[in-house]
Amino acid sequence: MAASAFPPSCSSAIDAAHTKHPTKMSRKMKQKGIMSVKKVILAQLTSSVVLAAPAFAQNLPGVSASALASGNPTASPLVPPSSATTTGSSGNKVTQLQGIEVTGSLIRSSDKTGFNQVQTMTQNDIQYSGATTVSNFLRDTSANSASSWGEDTVLMNQAPGGAGIALRGMSMKYSLVLIDGQRAAPYAFGDGGTDTFFDINTVPINVIDRIEIVKTGAVSQYGSDAIAGVVNIITKKDFQGLQLDGSLGGAQHGGQGTTNLSLLGGVGDLNADRFNVTAALSFYRASGVTLAQRNITSNQDYSELSGGFFAQPSSFFMTDTGPQALNPCGPTGMVTSAANNLQTQTPGAVCSQNGAKAQSLAPQVEHTSAKVHADFKLSDYVVAFADLWGSYNTTSLASGLAGFGENALVPSFYDAGHGFTAFSPMVGGNALTYYFPSAQDWDTTSVFYRFSVGVKGSFGTKNLGDWDWSASYGHSQSEVSNSFTSQVNASTVLNYTNGVTPATFSAANLNDLPGVLGTSRDQGISKLDTLDATASTSNLFSMPDGDVGMGLGAQLQHQSEYIAPGSTEFVNPFTQAVNGQRNVAAAYYQVDIPLLSELTFSQSGRYDYYGDFGGVYSPRFALRYQPINALTLYASYDRGFRAPTLIELYQTASVTSQPVGARNVDEYFVGNPELKPEHTKNYNVGFQLSPTSSTDIGLDWYKIDVTKVIGQPSIVADVDAHPEQTIYYLGYENLAYLRTDGLEATFKQGLSTKRGTFTLSTDLAYVRHFNMPINGIAADLAGNNDANDTVFGGAFPRWKGNTSLTWADRDWTTTLTWQFTGPYAQVIVAGPNVASYSQLNLLVSYSGFKHWKLYAGINNLLDHAPPYDASWTYVNRGYFDPSLYSYIGRYFQVGATYKF
């Protein structure tokens with residue numbers, strides 16, 4: 001939906017746009033030569049020639065003259081537009097329409113529905129959903145249907161501490177996140193080692209004005225990483241006064257104690273004082289949850305579940321007759337059967353110890369953020385702005401007991417004489433698998449900052465309409481440092497095991513060896529510099545059925561990525577090395593042409609030139625048909641590309657792990673400077689229907705085709721062909737294809753009664769197909785978890801939805817939210833299909849006290865646990881897919897807001 005409120009009909013504003021014009025030039029004079037101009041424009045469009053004009057990251061805060069004169073530099077999309085009289089630079093009195101600036105379009109519009117669906121969510125929407133962070137809120141949206149990894153992911157993630165969003169089930173590198181319409185540096189480490197993404201953990205709730213999600217490709221406007229869509233997080237500006245927020249929360253079954261404190265303040269009236277400074281501070285802390293704090297995972301025993309096993313970390317000698325328990329087991333172990341053990345699954349005995357306390361379901365986190373935005377009115381039509389923003393986040397994630405061995409989940413190490421190889425110490429000719437009683441913690445410190453400065457304004461012309469323009473420079477940077485504690489020192493272990501026999505081996509002695517456990521560290525730095533300029537008008541000239549709009553711009557980027565090689569002296573070294581940089585130049589445009597009074601054609605295009613592989617042109621063609629005010633139909637076709645990430649191009653080494661069937665394998669892969677861009681095609685058809693001022697109905701069909709997909713050759717084929725290997729060497733290549741299509745529906749209905757106002761709102765996404773080859777064979781990943789063996793690494797339920805019912809009566813507001821994730825088939829390991837999941841959140845607020853708003857809420861009202869997925873027992877000894885669910889259980893929070 002285009003807005004979270006229900007504005008009245010915009011028909012009067014639309015009529016005014018068609019009948020009034022911002023210059024004194026008569027319609028007769030302006031129509032002279034229109035046909036010849038139209039022919040020239042159409043010829044340019046059909047030949048797809050890029051307009052030679054400056055271009056730029058759209059949605060910088062451009063302004064209209066009337067908006068500046070009123071002291072409101074950004075027209076809000078939450079209210080209907082209105083016309084205003086002002087004086088243009090030509091000296092003429094004009095009636096100008098205040099347009100809506102919407103993500104996905106260069107040109108302001110008088111309509112809340114443009115050429116594609118834009119879902120808008122406010123800060124209140126976030127709060128009433130029950131979410132305590134922006135990351136939690138966005139990852140629960142229906143548009144984020146699969147393959148989205150967050151800070152609570154154990155294993156399968158080489159970007160601990162970060163959280164991204166993957167629109168329409170595509171990986172996070174296909175979704176672009178903007179802050180106030182501007183790019184920001186990606187997280188210093190890539191998800192899964194490759195997928196760059198913006199860390200939405202850096203954004204506090206109190207600074208958000210609204211979030212706009214464009215649910216279709218927008219490469220022609222924003223660039224190569226906007227294939228699946230765009231998330232534009234728009235922050236508060238021109239704020240006056242002071243607002244304090246605070247909340248406390250905790251889970252019923254222990255853990256996840258949260259503290260959320262924030263301050264928002266602003267001074268100056270842009271119209272009266274000619275300046276405004278808005279500042280925000282925030283602090284968020286969560287204590288986390290371990291497997292030991294939840295019943296199902298507390299013993300790491302899933303043997304009673306269909307397809308499940310006893311999953312406690314287990315130590316043993318592998319003899320000719322099968323697994324043999326250590327004797328004695330050691331101070332924390334006990335003898336258990338090997339028959340139903342996850343690691344062995346054969347007759348025998350092993351020494352097991354419960355590692356539930358050593359593994360996180362949710363991490364301990366602290367997020368601290370500060371942001372200052374200043375606007376200075378240089379004249380009635382020019383505003384200068386400066387924005388400074390920084391965040392300091394820490395994350396501590398327990399990833400399980402330290403261990404090694406032939407049957408351990410990840411067994412490699414770096415041998416100086418032989419490179420990465422298996423680590424399987426032998427004791428008396430028997431392979432040893434062993435787990436220490438110490439937990440391995442991933443401690444991450446993430447520092448992000450961004451500053452941007454610029455000027456924006458408006459001017460009027462006599463013959464070529466009224467223009468909004470802006471220019472800015474921005475620098476942003478992400479620095480992430482990781483320390484991995486309790487890492488097993490390979491040489492220390494080998495020195496001990498080479499000198500003992502099964503009879504003299506002692507678990508206690510091994511645990512106490514000096515230096516047997518140590519700390520591995522790595523660091524990454526990602527930087528982005530941007531220089532932008534843009535100009536647009538909604539009334540370049542008039543045609544019989546309306547005004548022609550045009551937007552132009554240019555952008556220069558400098559991108560860099562550096563990841564320092566991590567330690568290689570330890571077993572299972574999650575190490576990576578990257579050093580790359582490049583320059584990117586882009587020019588783009590948009591032209592909107594009214595073909596009929598009800599039908600508008602839009603054509604946009606972007607030419608990107610990358611210093612490391614060359615240039616690509618990305619066009620977009622769109623139609624908008626509005627036969628009546630209540631109904632808008634739209635369709636679009638885009639051709640685009642995705643540039644290889646700096647990691648995919650310039651990685652010199654990376655060692656990580658990946659689940660393949662019922663085992664985890666190590667992989668070593670490097671970048672490929674010869675990679676070509678992926679090529680994409682996006683199709684979108686939909687409608688928005690508003691039969692009354694309190695009803696919105698929307699439906700969209702989409703299809704995305706990607707060719708020359710960048711990935712690794714099938715590791716599954718290598719594992720099947722060479723099961724004896726412990727590490728597999730791979731590189732990046734332009735492989736086959738990816739094709740996905742589906743439906744997205746929205747519905748919102750308001751009803752006013754004597755008992756208050758009721759509002760029902762629904763967003764629903766259905767993934768019909770997600771096709772790509774696996775092992776050279778075409779596969780449809782929608783509706784199953786086959787993607788676990790691909791670069792996506794998560795299941796694809798076909799259905800995902802959010803429904804909320806809000807009741808507002810005087811000073812009370814109550815919202816009940818239903819979050820739904822559909823079922824999916826189990827195709828990875830033996831086990832049952834995965835059931836659907838529903839969660840109810842309830843939040844109640846009261847604003848009857850002067851200056852105060854009090855609220856209380858319960859998340860997961862019915863205390864549902866995530867559905868069981870047997871394949872994840874092999875990955876992290878858990879029982880559910882963490883890209884789809886969390887296991888906090890019933891959670892309570894109370895809070896208050898004070899404004900003065």
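Attention here is on the structure that accompanies the text. Each residue is numbered by its place in its chain's sequence as written, counting from 1. Local features in a predicted model are, by the rule used here, given only for residues with pLDDT of at least 70; side-chain atom pairs are given and counted only at 80 or more, and totals for whole chains, interfaces and linings are based on all residues. The side-chain quantities take in all heavy atoms of the structure and omit both hydrogens and water.

Considering the pairing of strand 32 (residues 695–707)
In step 1: Here 11 bridges tie strand 31 (residues 678–689) to strand 32, and the two strands are oriented antiparallel to one another. Each residue of the ladder has a partner; that of N682, found in strand 32, is I704.
In step 2: Taken together, strand 31 and the strand that follows it, strand 32, pair antiparallel across an intervening segment of 5 residues.
In step 3: When DSSP finds two or more bridges between two strands, those strands count as paired. In this description a helix means any DSSP run of H or I spanning at least four residues, a strand means any run of E spanning at least two, and both kinds are numbered starting from the N terminus. Here strand 32 pairs with strand 36 (residues 737–753) via 13 bridges, running antiparallel. Of the residues in strand 36, the one forming a bridge with K703 is D741.

Overview of the pattern of salt bridges
In step 1: What makes a salt bridge here is a side-chain nitrogen of Lys or Arg within 4 Å of a carboxyl oxygen of Asp or Glu, nothing more. Overall, the coordinates contain 19 salt bridges when judged by the stated rule.
In step 2: The partner of R210 in a salt bridge is D209, and the shortest N-O contact between them spans 2.9 Å.
In step 3: For the salt bridge of E678 with R642, the shortest nitrogen-to-oxygen distance reads 3.0 Å. Placement of E678 in strand 31 and of R642 in strand 28 (residues 631–642) is noted, with a sequence separation of 36 residues between them.
In step 4: Burial here depends on accessible area, computed with a 1.4 Å probe over protein chains only, as a share of the maximum for the residue type. Under 20% is buried, over 50% is exposed, and the range in between is partly exposed. With a relative accessible area of 2%, R642 lands in the buried category.

Focus on the side chain of T319
In step 1: By secondary structure assignment, the location of T319 is in strand 11 (residues 314–319).
In step 2: Here a polar contact is taken to be a pair of N or O atoms separated by no more than 3.5 Å, where protein atoms must pair a possible hydrogen donor with a possible acceptor and residues adjacent in sequence count only if both atoms sit in side chains. For T319, the side chain forms a polar contact with the side chain of T321, separated by 3.1 Å.
In step 3: At 2.6 Å, the side chain of T319 forms a polar contact with the backbone oxygen of G322.
In step 4: Whether two residues touch is decided by their heavy atoms; if any such pair falls within 4.5 Å, the residues are in contact. The residues contacting T319, other than those within four sequence positions of it, are Q324 and N430.

Description of the side chain of R620
In step 1: Note on placement: R620 falls in strand 27 (residues 614–628).
In step 2: At 3.3 Å, the side chain of R620 forms a polar contact with the side chain of D638.
In step 3: Excluding its chain neighbours within four sequence positions, the residues that come into contact with R620 are F115, N116, G217, S220, S602, Q603, S604, S636, Y637 and D638.

Examining the state of the cysteines
In step 1: The rule for a disulfide is simple: a pair of cysteine sulfur atoms within 2.5 Å. Throughout the structure, instances matching the rule amount to 1 disulfide.
In step 2: Across the disulfide from C329 sits C351; the S-S distance is 2.0 Å. Between C329 and C351 the sulfur-sulfur dihedral comes to about -80°; the bridge is accordingly left-handed. You can see C329 sitting in the loop between strand 12 (322–324) and strand 13 (334–337) and its partner C351 sitting in strand 14 (residues 349–352), a full 22 residues away along the chain. Of the two residues, C329 and C351, both sit in the buried class.

These results come straight from atomic positions and should not be treated as a statement about function.
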